[in-house]
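Overview (structure and organization)
Chain residues, written in single-letter form:
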Amino acid sequence: MPTHADRDAVIGVGLAFVAGFVDTAAFITLTGLFTAHVTGNFVLIGAELISTSTGVLAKLLALPVFILAVAVTRLIALALERQGSPPLRPLLALEAAVLIAFAMAGAAMSPLGSPDGARATGVGMLGVAAMGIQNGIGRLVIGHLAATTVMTVNVTQAVIDLTDRLCGAKLSEQVGTRLRRTLSAVLAFATGALAGAFGVAAVSFWCVLVPAFILVGLLFVPDRKSHP
């Protein structure tokens, strides 16, 4: 039977791969829209407001849509917890369903036309919603794991821990576990980003079915609370 550490490793790596894949695929197909790292859209908005490029509307809408997705995730988690049901699997299933909708809508509506048009904006918000759900999962259900959507924190923590080790500091078992998790998440995210780029080049929006199917696979990883 897999241990809690084994299950954590699979979940953490799987979700980091999904985030890297989706964020890259969306960035390419939706003219620079970040889905997993929405604060990056603020930088792009500032740049685009003083240039002749388009796509500002989708980036402006990304934050409220992201907030709504996180809020819905929280409400679902609360309802499940009150019933005594672990929320991980239902939330992963919800994210997978939204990603499938993202892939199908993008493929069906392509070419999307103007980045500020209704088709491009609507498809983009599905991607943002999916990643909002994953960010909510990261905070509400698997907060003990490394972040799966924003790698800056992971890289910073990994550098600190590696520096301590190189300086001869004796790392506790907890710090060693954290280092393995952060490095695994960064590697999985980077791998997902590369896969997303090649996937878009090969099959456009249909490639998003890959991370959706990975989420479906994670549904069969037992929740920590289901095995005391």
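Residues numbered from 1 in each chain as written. Predicted model: local features only at pLDDT ≥ 70, side-chain atom pairs only at ≥ 80, totals over all residues. Heavy atoms only, no water.

Regarding the overall build of the protein
Helix and strand content of the protein: 8 helices and 0 strands. Scanning the protein from its N terminus toward the C terminus, one meets helices and strands in the order α-α-α-α-α-α-α-α. The long-range fraction of contacts in the protein, counting pairs at least 24 apart against all pairs at least 6 apart in sequence, stands at 75%. With the model as given, the accessible surface of the protein reaches about 11100 Å², and the carbon-plus-sulfur share is 71%. (Helix = DSSP H or I, 4+ residues; strand = E, 2+ residues; numbered from the N terminus. Contact = heavy atoms within 4.5 Å. Areas by Shrake-Rupley, 256 points an atom, 1.4 Å probe, with all protein chains shown as cover.)

So, the environment of Val203
Residue placement: Val203 occurs in helix H7 (residues 173-203). Sequence-wise, Val203 and Ala107 are 96 residues apart; in three dimensions their C-alpha atoms are separated by 9.3 Å.

Digging into the packing of helix H3 (residues 56-82) against helix H4 (residues 88-109)
Direction vectors running N to C along H3 and H4 enclose 150 degrees, while the axes themselves pass 10 Å from each other. With respect to H4, the element H3 is oriented roughly antiparallel. Judged by the sense of rotation from one axis to the other, the crossing of H3 with H4 is right-handed. Of the residues in H4, those touching H3 at Thr73, Ile76, Ala77 and Leu80 are Pro90, Leu91 and Leu94. (Axes fitted to C-alpha atoms, helices over the stretch in contact; angles between N-to-C directions. Parallel < 35°, antiparallel > 145°, perpendicular 65-115°, else oblique. Left-handed = near helix turned anticlockwise from the far one by under 90°.)

Some thoughts on the packing of aromatic side chains
Enumeration over the complete set of coordinates arrives at 3 aromatic pairs. Ring geometry for Phe17 and Phe21: centres 6.0 Å apart, planes at 45 degrees, overall tilted. Of this pair, Phe17 and Phe21 both sit in helix H1 (residues 4-29), 4 residues apart, which is roughly one turn of the helix. Overall, the relative accessible area of 17% leaves Phe17 in the buried class. Given a relative accessible area of 3%, Phe21 falls into the buried group. Look at Phe102 and Phe205: their rings are 5.8 Å apart centre to centre, the planes differ by 90 degrees, and that puts the pair in the edge-to-face class. Separated by 103 residues along the polypeptide, Phe102 in helix H4 and Phe205 in the loop between H7 and helix H8 (209-218) bring together distant segments of the chain. A residue is classified by how much of its surface remains accessible, and Phe102, at 0% relative accessible area, is buried. (Phe/Tyr/Trp six-rings, centres within 6.5 Å; stacked < 30°, edge-to-face > 60°. Buried < 20%, exposed > 50% of the residue type's maximum accessible area, 1.4 Å probe, protein only.)

Considerations on unusual backbone geometry
Geometrically, the link from Ser110 to Pro111 is a cis peptide bond, its omega value of -5 degrees lying close to zero. Of note, Pro111 is situated in the loop between H4 and helix H5 (118-140).

Some points on the side chain of Glu95
Relative to the helices and strands, Glu95 is located in helix H4. Summary of buried charges: Glu95 has no salt-bridge partner, and the nearest side chain of opposite charge, Arg89, is 14 Å away. The contact partners of Glu95, leaving out residues within four places of it in the chain, are Leu15, Val18, Ala130, Met131, Ile133, Gln134, Ile137 and Leu215. (Lys, Arg positive; Asp, Glu negative; His and termini not counted. Salt bridge = Lys/Arg side-chain N within 4 Å of Asp/Glu carboxyl O.)

What to know about the confidence of the model for the protein
Overall, the predicted model of the protein reaches an average pLDDT of 89, with 90% of residues at or above 70. When mean pLDDT is taken per element in the protein, H8 scores highest with 98 and helix H2 (residues 39-49) scores lowest with 69. (pLDDT = per-residue confidence, 0-100.)

Digging into the side chain of Asp8
Assignment of secondary structure puts Asp8 in helix H1. Of note is the side chain of Asp8, whose polar atom sits 3.3 Å from the side chain of His144. (Polar contact = N/O pair within 3.5 Å; in protein donor to acceptor, adjacent residues only side chain to side chain.)

Observations concerning a nonpolar patch on the surface
Nonpolar side chains collect at one region of the surface, where Met104, Val203 and Trp206 lie side by side and expose about 300 Å² of accessible area between them. Checked against the element boundaries, Trp206 lands in the loop between H7 and H8. A relative accessible area of 44% places Trp206 in the partly exposed class. (Patch = residues over 30% accessible without salt bridge, like charges linked within 9 Å, V, L, I, M, F, W, Y side chains within 5 Å.)

Regarding the packing of H4 against H5
At a closest axis distance of 9 Å, the pairing of H4 and H5 adopts a crossing angle of 165 degrees. On the basis of the axis angle, H4 is roughly antiparallel to H5. In this structure, H4 meets H5 at a crossing whose hand is left-handed. Every residue of H5 that contacts H4 at Leu88, Leu91, Leu92, Leu94, Glu95, Val98, Leu99, Ala101, Phe102, Ala105, Gly106 and Met109 is listed here: Arg119, Val123, Leu126, Gly127, Ala129, Ala130, Met131, Ile133, Gln134 and Ile137.

Some thoughts on the environment of Met125
Within the secondary structure, Met125 is located in helix H5. Taking the C-alpha atoms as reference points, Met125 and Leu61, 64 residues apart in sequence, are found 7.7 Å from one another. Leaving out residues up to four positions away in the same chain, Met125 has contacts with Leu33, Ala58, Leu61, Ala62 and Val65.

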